[in-house]
Amino acid sequence: MDVLKAWQEILSPENVLTEESNLTTVQTGTFATKQRILAIIRPGDRTEVQECVKIANQYQTPIYPISCGKNWGLGSRVPVADNCVLMDLGRLNRIIDYNEKLAYITVEPGVTFQQVYEYLRDIKSNLFLSVIGGSPYASLIGNALERGDGIGPNGDRVKSICAFEVVLPTGEVIHTGFGRFTHAKTTSLSPWGVGPSLDGIFTQSNLGIVTQMTVWLTPIPKYYQSFNCLIKDHHSLEKVIDIIQQLMLQGVIQENCFNFWNCYKVLAREGRYPWQMLGGKTPLSLQELKGVEPWVATGDLYCTSQEQAISLQKIIEVALPEDIAQIVFTDQEHNEPFNLTLGVPSDINTKSTYWRKKIKVPNHIDPDRDACGVIWLCPLFPFDGQQLVTALNTIESIIKFSEFEPNIAINCSTSRSIKMFIAIMYDRLELGQDQKAMECHNQLLEFLMNSGYIPYRLGIQSMSCLSTSDNNYNQLLKNIKQELDPNNILAPGRYETS
């Protein structure tokens, strides 16, 4: 193909991959996919990205950019549309800038959470990056552009990013915020700049390729304390949700620093289904075995002193009566050195992707390679206990009827809204499970959409659900896409409304 020869001239042949084994790997996700990938191109810097985009336009060949391809449960590396060329940005892995005093770091898309952690550790920084519960080798920029979630302060990623460098679908480059002004001193300090802000149109979109971004960091607290609550049932869960909402609204607990996990999510973190105990039967029902399906809630206090932590602890203990939640506080010294909440990335949570597998969790975790079945749904809810528990009853019933375990977490991302993470876990090698899991996903998505609980983030399996009632909004998005990408070569189908 002429287009492949053109890319080879720019990138060299070793960075234009067409071997069937390579293509099969990137066409494989944690659920059934049919999309065919024509080739993989691996630019090494922004200029090569620009040239690749220009060639894609010349030959009318669609490209689908990925950063590190660890988007497990939401599509991995697989494009939304068929017959795309995958643009792997993993070679763009430089840390461009860092400022200790102003607490920011500027990176390229191939930079991983592990890389930033090691960098900060090696320079003995007093700052940390809010990491994810997923792979340490996931891309920081990739997570941010998906509006993904970090753990702890600055975990609501889109609130703490700015200064995008973007290659447009035509090959032109822009810098957002104050970055468009020569010698601007506040480029990495403000997400808005002056005039209309464009950063938002490059998150969850197919309007540009972000090749550089600034991310804000958090000071390591003088005193850190975590606390856990055991919640016995939905009735108590509803009460605790409303109490936590008020504590967050008052500033006692910081936003994005409190989570609820149900018992199945806690068990899956160990990565093993109790096959022997259940005689090979599925699904696991703790309600049938134990008569209860408890929840575990975890909060984190980032304090300037032990005195502040003690004061907050007293307020929380008074607010959460013993009859609805058993609280245990743990101070800083018991949480080192492997603590996600203090910016230490870990694979501990990704072990859950092997929940229904009958193999030992490998040292090198790769759910795509090992045929782990994982489908995620990420709806957004009002921070209201009654609404959430009412919806939760239906969500659990749909999942149990489909013969899966309701693996559910709730993140208190702000004092007004909460994010729910629903995971359907299974073994892709079991006959019929791919279809069964996707049918369960579709039923859940239909219920959520009809109930007004729209996902805040979508996997490639859910992109077609973006039908809205605001036709003017839809048309505006289409007009912008047509203006920026007249040949529709960049990630067709990604977050596009119908």
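It should be noted that the structure appears before, not after, this text.
Below is a summary of the structure that appears in this document.

**Some remarks on the sheet that holds strand S5 (residues 95–99)**
Sheet strands associate in pairs through backbone hydrogen bonding, adopting either a parallel or an antiparallel arrangement.
Then, number 1: The sheet built from 5 strands is open, its strands ordered S5-S6-S10-S8-S9 with antiparallel pairing. Both outer strands of the open sheet, S5 and strand S9 (173–175), are each paired with one neighbouring strand and no more. Across the sheet, the mean angle from the axis of one strand to that of its neighbour is 10°, orientation sign disregarded.
Then, number 2: The pairing of strand S8 (residues 161–167) with S9 spans 3 bridges and is antiparallel. Within S9, the position partnered with Glu165 by the bridge is His175.

**Observations regarding helix H6 (residues 234–249)**
Then, number 1: The end-to-end C-alpha distance of H6, which contains 16 residues, comes to 22 Å, matching closely the 22 Å that a straight helix rising 1.5 Å per residue would cover.
Then, number 2: Looking at the buried residues of H6, the elements they touch are strand S12 (223–231), strand S13 (258–262), strand S14 (295–303), helix H9 (306–319) and helix H10 (385–401).
Then, number 3: Residue Asp233 occupies the N-cap position of H6, its side-chain oxygen lying 3.3 Å from the main-chain nitrogen of His235.
Then, number 4: Looking one or two residues past H6, Gly251 carries a phi angle of roughly 85°, positive in sign.

**Quick look at the sheet that holds strand S17 (residues 407–411)**
Then, number 1: Spatial ordering of the open sheet is given by S15-S12-S14-S13-S17-S18-S16-S19, a layout of 8 strands whose pairing is antiparallel. The open sheet is flanked by strand S15 (326–331) and strand S19 (455–457), the only strands paired with a single partner. The sheet shows a mean angle of 25° between the axes of neighbouring strands, taken without regard to direction.
Then, number 2: Each of S12, S14 and S15 touches H9; the most contacted strand, S14, lies at about 145° to it.
Then, number 3: Packed on one face of the sheet, helix H11 (residues 433–451) meets strand S16 (372–382), strand S18 (417–427) and S19 and runs near 160° to S18.

**Regarding the packing of aromatic side chains**
Then, number 1: For the structure on display, the rule yields 12 aromatic pairs.
Then, number 2: A centroid spacing of 5.6 Å and a plane angle of 80° characterise the contact between Tyr98 and Tyr119, whose relative ring orientation is edge-to-face. Remark: Tyr119 occurs in helix H4 (residues 113–122) and Tyr98 occurs in strand S5; sequence separation between them is 21 residues.
Then, number 3: Members of the aromatic cluster, each reached through a chain of ring pairs, are Phe227, Phe258, Phe260 and Phe329.
Then, number 4: Over the face of the ring belonging to Trp275 we find Lys358, whose NZ or CZ atom lies 4.5 Å from the ring centre.

**Considering the side chain of Ser236**
Then, number 1: By secondary structure assignment, the location of Ser236 is in helix H6.
Then, number 2: Residue Ser236 is classed as buried on the basis of its relative accessible area, which comes to 2%.
Then, number 3: Excluding anything up to four places from it in sequence, Ser236 contacts Ile231 and Ile324.

**Observations concerning the pattern of salt bridges**
Then, number 1: Following the criterion strictly, the structure yields 18 salt bridges and no others.
Then, number 2: Measuring nitrogen to oxygen at the nearest pair gives 2.7 Å for the salt bridge that ties Lys419 to Asp149. With Lys419 in strand S18 and Asp149 in the loop between helix H5 (140–145) and S8, this pair connects stretches of sequence that are 270 residues apart.
Then, number 3: When the shortest N-O distance is used, the salt bridge between Arg428 and Asp434 registers 2.9 Å.
Then, number 4: Assessed through its relative accessible area of 21%, Arg428 is described here as partly exposed.
Then, number 5: Note on Asp434: relative accessible area 18%, which makes it buried.
Then, number 6: Residues joined by salt bridges that share partners form a network here, namely Glu146, Arg457 and Arg494.

**Comments concerning the state of the cysteines**
Then, number 1: The tally for this structure, following the rule as stated, stands at 0 disulfides.
Then, number 2: This cysteine, Cys52, is not joined by any disulfide, and Cys84 carries the nearest cysteine sulfur, 15 Å off.
Then, number 3: In this structure Cys52 comes out as buried when scored by relative accessible area, which is 0%.
Then, number 4: No disulfide involves Cys372; its sulfur sits 18 Å from the nearest other cysteine sulfur, which is in Cys440.

**Thoughts on unusual backbone geometry**
Then, number 1: The amide bond that connects Thr282 to the next residue, Pro283, takes the cis arrangement and shows omega of 0°.
Then, number 2: Along the chain, Pro283 falls in the loop between helix H7 (263–268) and helix H8 (286–290).
Then, number 3: Of note, the phi angle at Lys124 is positive, near 55°, even though the residue is not glycine.
Then, number 4: Within the secondary structure, Lys124 is located in the loop between H4 and strand S7 (127–128).
Then, number 5: Here the phi dihedral of Ala163 falls at roughly 55°; this positive angle occurs in a residue that is not glycine.
Then, number 6: As for its position among the elements, Ala163 is in strand S8.

**Observations regarding the nonpolar core**
Nonpolar side chains in soluble globular proteins tend to be buried together.
Then, number 1: Membership of the largest hydrophobic core comes to 99 residues, with the highest contact counts inside it found for Trp7, Ile63, Ile244, Ile253, Phe260 and Ile395.
Then, number 2: In this structure, Ile395 is in contact with Phe381, Ile408, Met420, Ile422, Leu444, Phe447 and Leu448, ignoring residues within four places of it in sequence.
Then, number 3: Counting 30 residues, the second-largest nonpolar core is a separate cluster that includes Leu127, Leu129, Ala138 and Leu484.

**Quick look at the layout of surface pockets**
Then, number 1: Considering only enclosed or pocket space, the second largest pocket measures out at about 750 Å³ in volume.
Then, number 2: Taken together, 30 residues form the lining of the second largest pocket, with Gln204, Tyr473, Leu477, Tyr495 and Thr497 sitting closest to its centre.
Then, number 3: Counting only elements with at least two residues in the lining of the second largest pocket, the list comes to S19 and helix H12 (471–484).
Then, number 4: For the lining of the second largest pocket, the leading source of residues is H12, giving 7 residues.
Then, number 5: Considered class by class, the residues forming the lining of the second largest pocket number 14 nonpolar, 9 polar and 7 charged.

**What about the side chain of Thr341?**
Then, number 1: Residue position: Thr341 is located in the loop between S15 and S16.
Then, number 2: When its relative accessible area of 10% is taken as the criterion, Thr341 is described as buried.
Then, number 3: Separated by 2.7 Å, the side chains of Thr341 and Tyr224 make a polar contact.
Then, number 4: Side-chain polar atoms of Thr341 contact the side chain of Asn339, separated by 2.3 Å.
Then, number 5: Among all residues touching Thr341, those that are not within four sequence positions of it are Phe128, Ile151, Tyr224, Asp300 and Tyr302.

The rules we used
Residues numbered from 1 in each chain as written. Predicted model: local features only at pLDDT ≥ 70, side-chain atom pairs only at ≥ 80, totals over all residues. Heavy atoms only, no water. Pairing = 2+ DSSP bridges. Helix = DSSP H or I, 4+ residues; strand = E, 2+ residues; numbered from the N terminus. Axes fitted to C-alpha atoms, helices over the stretch in contact; angles between N-to-C directions. Expected span 1.5 Å × (residues − 1). Contact = heavy atoms within 4.5 Å. Polar contact = N/O pair within 3.5 Å; in protein donor to acceptor, adjacent residues only side chain to side chain. Phe/Tyr/Trp six-rings, centres within 6.5 Å; stacked < 30°, edge-to-face > 60°. Lys NZ or Arg CZ within 6 Å of the ring centre and 35° of its normal. Buried < 20%, exposed > 50% of the residue type's maximum accessible area, 1.4 Å probe, protein only. Salt bridge = Lys/Arg side-chain N within 4 Å of Asp/Glu carboxyl O. Disulfide = S-S within 2.5 Å. Core = buried A, V, L, I, M, F, W, Y, C linked by side-chain atoms within 4.5 Å. 1 Å grid on protein atoms, 1.4 Å probe; cavity = no way out; pocket = protein on both sides within 12 Å on 5 of 7 lines; lining within 4 Å. Points joined across faces, edges and corners; volume = space filled by probe spheres on them. Nonpolar A, V, L, I, M, F, W, Y, C, P; charged D, E, K, R; others polar.

These values are about where atoms sit, not about what they do.
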